[in-house]
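# Secondary and tertiary structure notes
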Amino acid sequence: MHQLPASYLEFLEGKTERFVETIRPVLLQSAADQKHGVRVTYNPGPTGHQAHLDETIPYGTIVEDID
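The paragraphs below set out a description of the structure included in this document.

Cut-offs and rules
Residues numbered from 1 in each chain as written. Predicted model: local features only at pLDDT ≥ 70, side-chain atom pairs only at ≥ 80, totals over all residues. Heavy atoms only, no water. Phe/Tyr/Trp six-rings, centres within 6.5 Å; stacked < 30°, edge-to-face > 60°. Buried < 20%, exposed > 50% of the residue type's maximum accessible area, 1.4 Å probe, protein only. Pairing = 2+ DSSP bridges. Helix = DSSP H or I, 4+ residues; strand = E, 2+ residues; numbered from the N terminus. Axes fitted to C-alpha atoms, helices over the stretch in contact; angles between N-to-C directions. Contact = heavy atoms within 4.5 Å. Core = buried A, V, L, I, M, F, W, Y, C linked by side-chain atoms within 4.5 Å.

For the structure shown, the criterion picks out two aromatic pairs. Centroid distance phenylalanine 11 to phenylalanine 19: 6.0 Å. Interplanar angle 45°. Geometry classified as tilted. What makes phenylalanine 11 buried here is its relative accessible area of 14%. Since its relative accessible area comes to 8%, phenylalanine 19 is described here as buried.

Given below as C-alpha cells:
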C-alpha cells in the first residue's frame, strides 16, 4: 500500500473519523497512481461529503468545494 503524502495527512488533521473514513479510499487511490489530486465536495443533505480524483488538480493537492 502506498503511503499518503504529507499534504494529505495534514489535511486530515483535526477532521472527524467519519469524514476521514469517507474520503480515505480516494486518497489511497490518488497515492497509488500519483497522477491526480483529490476534490472533496460537500453536498447539503444526506450524502454529505464525497471525494473523487480530479485530473485538473496536481497530485498531492486536495481542493474542497461545495456541490
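Once you've had a look at it, read on.
A word on the sheet that holds strand β1 (residues 36-43). Spatial strand order, β2-β1-β3: three strands in an open sheet with mixed pairing. Edge positions in the sheet fall to β2 (48-58) and β3 (62-66), since each of these pairs with one other strand and no more. Strand after strand, the sheet turns through a mean of 30° between neighbouring axes, direction not considered. Two elements, β1 and β3, share five bridges in a ladder whose sense is parallel. Within β3, the residue paired with arginine 39 across the bridge is valine 63. Relative to the sheet, helix α2 (residues 17-33) contacts β1, β2 and β3, its axis offset from that of β2 by approximately 20°.

It is worth spelling out the nonpolar core at this point. Judged by nonpolar contacts, the single largest core of 14 residues is most densely connected at Leu12, Ile23, Leu27, Val38, Val40 and Ile62. Among the elements of the structure, α1 (6-12), α2 and β1 are those that each provide at least two residues to this core. Setting aside anything within four residues of it in sequence, one finds leucine 27 in contact with Leu4, Tyr8, Leu12, Val38 and Ile62.

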